[in-house]
Each structure stands twice: as structure tokens, then as C-alpha cells.
2 protein chains.
Amino acid sequence: MENLDFINKLRNSGLRPTKQRIKICEALFNTDKTFHFTVNDLAEIMQKNFNEKISLATLYNTVHAFKKKGYVKEISLGNDKSYFDTNVSFHHHFFDIRTNELTDINSNEIELKNIPNPPKGKSIKEIDVVINVENDSQ
Amino acid sequence: MENLDFINKLRNSGLRPTKQRIKICEALFNTDKTFHFTVNDLAEIMQKNFNEKISLATLYNTVHAFKKKGYVKEISLGNDKSYFDTNVSFHHHFFDIRTNELTDINSNEIELKNIPNPPKGKSIKEIDVVINVENDSQ
DNA sequence: TATTTAGTTTATAATTAATCTAAAGTAGAA
DNA sequence: TTCTACTTTAGATTAATTATAAACTAAATA
């Protein structure tokens, strides 16, 4: 993707195409690979790989703005940290409880049978399956 | 359950039966109902229902000691908080994304078919299914 | 192109959950 | 009882996240 594409993508969704946001788009969306990251991870990536020092506050704002627009997805784990995922399609995860490493599982690789009825008056928004793993040697 | 039972339970598992731990046992295990709580919730319960002011540090220590002994279970959610559960059997949860309310789902109410193979060299420790719900009117 | 203005970025402070520390307290063994 | 090791406590610390207010900048307007 070209910078211009990111600029249009941002503009079309009502986000001003600032220098910082464009760079963050490059970091997150300029590849086919899925990224799993915390905001802190992203800060390091911007610094090391892009030589851009963007303040944490801006990174939090931008990641949350992107989440609101559906460009990234927040992942539910039992950690004290929030993980984000550039794969916004419905899918699940392996989670390495030692290294905190995440691996995608396609939604069609897991079949949920007999989903129980939600409590009265409530409806299902999303189902998250987390398969916690660790090294065999542990 | 009698206090003496809790004292023995604690002693048998190598935990000193202190006044604070016995009271916490009463609060958590003196009922058939399942409790879902954060350490902060527990602090309020001890204060309001038992008129015991126990320091947060002690509550953290005790809950983690109980977790290590398998008396409570830590639950993985996408929150910034750690939830604990007095239902230590293998089961899943509804999670109300507005109110943070948890509801148990018996493990036999959900059937997982086609669990994919974990990444090479890793083995599965636990599977957590969280069904996120919210009120119909939202 | 210069000016305006509304949204953005930044450094810094504030907040929150959780953990650590070191002193005081207490259970249980001798 | 006395002693010792473990426990509790208040208060400090850490780490993730959010709020604030001043400086900045994109883009609309003149």
C-alpha cells in the first residue's frame, strides 16, 4: 500500500491524516502478516523500525481510534495488558502463558456446538476462545 | 461449614489458620453459591458483610495462596482487573461487557469440536471460552 | 497565499490495579 | 512461657492507562 492509500483511508473514515497516523498505518497495515501488539510494543516498533518517536498518549489515542473504526481489534486475555490485533475477522487464539505469544486460529478450525442461551434479556455480542499453551518441557 | 473445618482445611494445606484467613474462608466458601470477585470486591465484602477491615496486601496474598492451593481459580477476561472464582471446576463464562457481571457455564453446556493442534512443541493447558453479552436494548 | 479554527500531538500529571517492603504482630513448636 | 518463622499491615512502588492543558497543524476560508 502506498502512503496515499493510507491518507485516503484515514480521510474517508473521518480521521485527519496526520504524520503520526500515517506512520502508524505503515507499521500496522503494510504487510499481509497479522500483528499482535500492546501499545508499548507499538511504541518500540515505531522507534526502532521507523525511527519515529511518537508519544504514548498519541499511540493510545490512535489505536483506540483505529479500534473504533474497525481497523484493529482488542483481544481479551487474563493479562494486565491490552493486546490489539490487525486481524479483525472473527477468530480465536493460542496464548503462550509463559511468553505471552499469540497465534491466530481461524474461526472455522474450532466448532462450537450447543452454545447455551444467554441470561434473560441479554444477547451474544462475541465469543472468544483462548487456548492456553506452554512448552512441553515445562 | 464450621470454623473448625476451615481451620483444618488451612492447616492441612500448610497455611496458618490466621483470623483473617478464617474470615475470608467464611466469606468465600460458606455457601453453595459461586462467587466471582476481584480482590477489591472482596475487601468490600469483608468490610460490609463481616465488619472486618483486612488490608489489601493481605487479601492479595491470601487470594493468591488460595489460588495456589486450588481453592479459587483466576479468570481470564479482557479487562484490566483480575477476577477470581470459587468454582474451580472446568467451566466457561458469560461476561456482560457493560456491567462486568460473570455467569458460569457448565463445561458440558459447550462442546468444542475440532480443537486445532497447538504450535509445535507446545501443549494445551486450558481452554477458556468467554461469551460476551450485553442487554438487548443496547 | 495568509488567516483562522477545530482537531491533534505532546510532555507531564493523575489514576488505577497490583506488588513490594520493612516493621509489628501472632501461631505453633519446643 | 519463650522462641522462631510466618503473617499482617500501612505505606511506598511499579506499570498500564487516561486526563490535562499548552503547543502544533491540517484544512477550510478569505
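On a predicted model such as this, the values are computed, not experimentally measured, just so you know.

*Asks:* Explain the overall build of chain A here, please?
*Replies:* Across its full length, chain A carries 4 helices and 7 strands. Seen in sequence order, chain A has helices and strands lined up from the N terminus as α-α-β-α-α-β-β-β-β-β-β. Summarising its shape, the C-alpha atoms of chain A cover approximately 50 × 45 × 25 Å along the three principal directions. Considering only contacts within chain A whose residues lie at least 6 apart along the sequence, 45% involve residues at least 24 apart. Surface accessibility of chain A: about 7,900 Å² in total, with carbon and sulfur atoms responsible for 44%.

*Asks:* Can you walk me through the protein's contact with DNA strand C in this structure?
*Replies:* Looking at DNA strand C, there are 18 residues lining it, with Thr18 and Gln20 of chain A together with Arg11, Pro17 and Ser82 of chain B nearest. Sugar and phosphate atoms constitute 74% of the interface atoms of DNA strand C, taking the interface as everything within 4 Å of the protein. Thr58 of chain A places a side-chain nitrogen or oxygen 2.8 Å from a phosphate oxygen of DNA strand C. Residue Arg16 of chain B places a side-chain N or O atom 3.5 Å away from a base nitrogen belonging to DNA strand C. At the level of secondary structure, the elements contributing two or more residues to the surface near DNA strand C comprise α2 (19-29) and α4 (56-68) of chain A together with α4 (56-68) of chain B. Sort the elements by how many residues they give to the surface near DNA strand C and α4 of chain B lands first, with 3 residues.

*Asks:* What is the right way to read the pattern of salt bridges from this model?
*Replies:* Once the charged atoms of two side chains with opposite charge are near each other, the side chains can pair. For the structure on display, the rule yields 12 salt bridges over all chains. Between Lys122 of chain B and Glu101 of chain A there is a salt bridge; the shortest N-O distance is 3.1 Å. On the criterion of chain membership, the pair formed by Lys122 of chain B in strand β7 (residues 122-135) and Glu101 of chain A in the loop between β4 (91-96) and β5 (102-106) is interchain, its members lying in two chains. The class of Glu101 of chain A is partly exposed, set by a relative accessible area of 42%. Notably, a salt bridge pairs Asp96 of chain B with Lys122 of chain A, separated by 3.0 Å at the nearest N-O pair. Linking Asp96 of chain B in strand β4 (residues 91-96) with Lys122 of chain A in strand β7 (residues 122-135), this pair reaches from one chain into another. Residues joined by salt bridges that share partners form a network here, namely Asp96 and Glu101 of chain A together with Lys122 of chain B.

*Asks:* Please clarify how the relation of the copies chain A and chain B should be interpreted in this entry.
*Replies:* A rotation about some axis, followed by a shift along it, carries one copy of the chain onto the other. Superposition record for chain A on chain B: RMSD 0.1 Å, screw rotation 179°, translation along axis 0.0 Å. Expressed as a symmetry operation, the mapping of one chain copy onto the other fits a two-fold axis. Take the interface residues of chain A: 100% of them recur as interface residues in chain B, which is what a same-surface contact looks like.

*Asks:* Help me out: how do you make sense of the protein's contact with DNA strand D in this one?
*Replies:* Around DNA strand D sit 19 residues in total, of which Arg11 and Tyr60 of chain A together with Thr18, Gln20 and Thr58 of chain B are the nearest. One of the backbone N or O atoms of Ser82 of chain A is found 2.9 Å from a phosphate oxygen in DNA strand D. In this structure, a sugar or linking oxygen belonging to DNA strand D sits 2.8 Å away from a side-chain N or O atom of Gln20 of chain B.

*Asks:* What should I look at first to understand unusual backbone geometry in this one?
*Replies:* Apart from glycine, the bulk of residues carry a negative phi angle, and the bulk of peptide bonds sit in the trans form. The phi dihedral of Asn51 of chain A falls on the positive side, at around 55°, and the residue is not glycine. As for its placement among the helices and strands, Asn51 of chain A is situated in the loop between α3 (39-50) and α4.

*Asks:* Explain the sheet that holds strand β2 (residues 73-75) of chain B here, please?
*Replies:* In sheet architecture, strand pairing relies on hydrogen bonds along the backbone and comes in two forms, parallel and antiparallel. Residue and element names in this part refer to chain B. With respect to topology, 3 strands assemble into an open sheet ordered β1-β3-β2, the strand pairing being antiparallel. Pairing within the sheet leaves two strands with one partner each, and these edge strands are β1 (36-37) and β2. Here 2 bridges tie β1 to strand β3 (residues 83-85), and the two strands are oriented antiparallel to one another. Bridge pairing links Phe37 to Phe84 in β3.

The rules behind the values
Residues numbered from 1 in each chain as written. Chains lettered and ligands numbered in written order. Predicted model: local features only at pLDDT ≥ 70, side-chain atom pairs only at ≥ 80, totals over all residues. Heavy atoms only, no water. Helix = DSSP H or I, 4+ residues; strand = E, 2+ residues; numbered from the N terminus. Contact = heavy atoms within 4.5 Å. Areas by Shrake-Rupley, 256 points an atom, 1.4 Å probe, with all protein chains shown as cover. Near = heavy atom within 4 Å. Polar contact = N/O pair within 3.5 Å; in protein donor to acceptor, adjacent residues only side chain to side chain. Salt bridge = Lys/Arg side-chain N within 4 Å of Asp/Glu carboxyl O. Buried < 20%, exposed > 50% of the residue type's maximum accessible area, 1.4 Å probe, protein only. Least-squares fit on C-alpha atoms with pLDDT ≥ 70 in both. Pairing = 2+ DSSP bridges.

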